[in-house]
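Now for the letters of each chain:
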Amino acid sequence: SKEEKIIGFLVIRLKPISMIRFIRKDSFFSFLKHIKLNPKIFIKLIIRLIFAIKTKTPEEYAEFDYFAVVRKYRGLGIGRDIIK
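Residues numbered from 1 in each chain as written. Predicted model: local features only at pLDDT ≥ 70, side-chain atom pairs only at ≥ 80, totals over all residues. Heavy atoms only, no water.

A. Examining the overall build of the protein chain more closely. For the protein chain, the count of helices and strands is three helices and two strands. Beginning at the N terminus, the succession of helices and strands in the protein chain can be written as β-α-α-β-α. When contacts within the protein chain are restricted to residue pairs at least 6 apart in sequence, those whose partners lie at least 24 apart make up 66%. When the accessible surface of the protein chain is summed, it comes to about 8,000 Å², and 63% of that surface belongs to carbon and sulfur atoms. (Helix = DSSP H or I, 4+ residues; strand = E, 2+ residues; numbered from the N terminus. Contact = heavy atoms within 4.5 Å. Areas by Shrake-Rupley, 256 points an atom, 1.4 Å probe, with all protein chains shown as cover.)

Listed below in structure tokens is the structure:
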């Protein structure tokens, strides 16, 4: 049997949502480790969060809010497939 794995995801925001409920503990600790290695990540996150709070989404539009593809699958067109 073939094992299926998640290799990417896209979150489309129609209304403001809190991503806190989607965060896993291991991802959070990995993020903290990366902040220690590269503090710019944290600064970029804070700027993005401030911008997201101030941004109003028009009713007739959706916004790609979070988009990710596992590093080893990047550059293979997976992102394009996810958006389709």
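Moving on from the model shown.
B. Broad picture of the environment of Leu14. Looking at the secondary structure, you find Leu14 in the loop between strand E1 (8-13) and helix H1 (25-37). Counting along the chain gives 51 residues from Leu14 to Asp65, while the straight-line C-alpha distance between them is 9.6 Å.

C. A nonpolar patch on the surface, seen in detail. On the surface, a nonpolar cluster with roughly 570 Å² of combined accessible area is contributed by Phe9, Phe42, Leu45, Ile46, Leu49, Ile50 and Tyr66. The element best represented in the nonpolar patch is helix H2 (residues 40-54), accounting for five residues. Relative to the helices and strands, Leu45 resides in helix H2. Overall, the relative accessible area of 32% leaves Leu45 in the partly exposed class. (Patch = residues over 30% accessible without salt bridge, like charges linked within 9 Å, V, L, I, M, F, W, Y side chains within 5 Å. Salt bridge = Lys/Arg side-chain N within 4 Å of Asp/Glu carboxyl O. Buried < 20%, exposed > 50% of the residue type's maximum accessible area, 1.4 Å probe, protein only.)

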